[in-house]
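Chain by chain, the residues:
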Amino acid sequence: MQARNQPSSHQGHCQHQQPLTELMPPLLEALPSYTNRVMQRSQIGGVPLRTYILIAGNADFDPLPLAQQQWQPALPDTTEQVFFTTLERSYTDQRAIASQNFYWAFFVQTEQGWQLALLYQQLGGSSPEQPTSPRRDASTGAIAQGIRLWLRDCQAGVFAAS
């Protein structure tokens, strides 16, 4: 495990022009620990954390077409889309409930490197019979904050211990 401010094997993944396809595997590997820390820090009134991200993965880079057929965009769309899933576990007083959740992330390349522009979330049911939730904007949620923190640390060449 790397301590904060120590060089990491992930440093090479954050070069300015690094393809997003090469950046996503280490980001998704670290995302559960980054997101769990975000959720732990945001506890209200000292209530113990009841949901944990166990794993993130299954990155899919095939974009959905976003172009509107009714008008011609003034600027080219330079966002890159990534779909990924998480396995999460929530605890109630009686039991643990696992769920698979789905994310649609939009990244843009800036002078500082890749940045998360938008994140949509669709919550999976806790059983196959239970339908998924409608898609919602999760750009300010814990997963998005975890992604932004990881990108910041990666671009700075430092990582928090997992």
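Just above sits the structure.
Values in this document were obtained by computation on a predicted structure and should not be read as measured data. (Residues numbered from 1 in each chain as written. Predicted model: local features only at pLDDT ≥ 70, side-chain atom pairs only at ≥ 80, totals over all residues. Heavy atoms only, no water.)

## Digging into the pairing of strand β2 (residues 80-91)
In this structure, strand β1 (residues 51-60) lies alongside β2, joined through 7 bridges in antiparallel fashion. Across the sheet, residue T51 finds its bridge partner in β2, namely S90. Adjacent in sequence and paired antiparallel, β2 and strand β3 (residues 96-110) are bridged by 4 residues. (Pairing = 2+ DSSP bridges. Helix = DSSP H or I, 4+ residues; strand = E, 2+ residues; numbered from the N terminus.)

## Describing a nonpolar patch on the surface
A contiguous nonpolar patch, built from Y52, L54, I55, L87 and Y91 and spanning about 410 Å² of accessible area, is present on the exposed surface. Sorting the residues of the nonpolar patch by element identifies β1 and β2 as the ones contributing at least two each. Within the fold, L54 resides in strand β1. (Patch = residues over 30% accessible without salt bridge, like charges linked within 9 Å, V, L, I, M, F, W, Y side chains within 5 Å. Areas by Shrake-Rupley, 256 points an atom, 1.4 Å probe, with all protein chains shown as cover. Salt bridge = Lys/Arg side-chain N within 4 Å of Asp/Glu carboxyl O.)

## A word on the pattern of salt bridges
Taken as a whole and judged by the stated rule, the model has 1 salt bridge. R152 is paired through a salt bridge with D153; the nearest N and O atoms lie 2.8 Å apart. What makes D153 buried here is its relative accessible area of 2%. (Buried < 20%, exposed > 50% of the residue type's maximum accessible area, 1.4 Å probe, protein only.)

## Some points on helix α2 (residues 142-156)
Since there are 3.6 residues in each turn of an α-helix, residues three or four apart along the chain are aligned in direction. Between its terminal C-alpha atoms α2 stretches 21 Å, which fits the 21 Å expected from 15 residues at 1.5 Å a residue. Within the span of α2, buried status applies to I143, A144, G146, I147, W150, L151, D153 and C154. Those residues of α2 hidden inside the fold are in contact with α1 (20-41), β1, β2, β3 and β4 (113-123). G157 sits one or two positions beyond α2 and adopts a positive phi of about 80 degrees. (Expected span 1.5 Å × (residues − 1). Contact = heavy atoms within 4.5 Å.)

## A few points about the sheet that holds β1
Sheet architecture is open: 5 strands sit in the order β1-β2-β3-β4-β5, paired in antiparallel fashion. Looking at which strands have only one partner, the edges of the open sheet turn out to be β1 and β5 (136-137). Here 2 bridges tie β4 to β5, and the two strands are oriented antiparallel to one another. Bridging across to β5, Y120 finds its partner in D137.

## Regarding the nonpolar core
Counting residues in each nonpolar core, the largest one holds 27 residues, and the members touching the most others are F84, F107, L119, I147 and W150. Only α1, β1, β2, β3, β4 and α2 provide two or more residues apiece to this core. Residue contributions to this core peak at 9 residues, all from α1. (Core = buried A, V, L, I, M, F, W, Y, C linked by side-chain atoms within 4.5 Å.)

## So, the pairing of β3
When β2 meets β3, the two strands line up antiparallel, connected through 12 bridges. Looking at the pairing, Q81 lines up with F106 of β3. Pairing of β3 with β4 involves 10 bridges; the strand directions are antiparallel. The partner of T110 across the bridge, within β4, is G113. Linking two consecutive strands that pair antiparallel, namely β3 and β4, is a turn of 2 residues.

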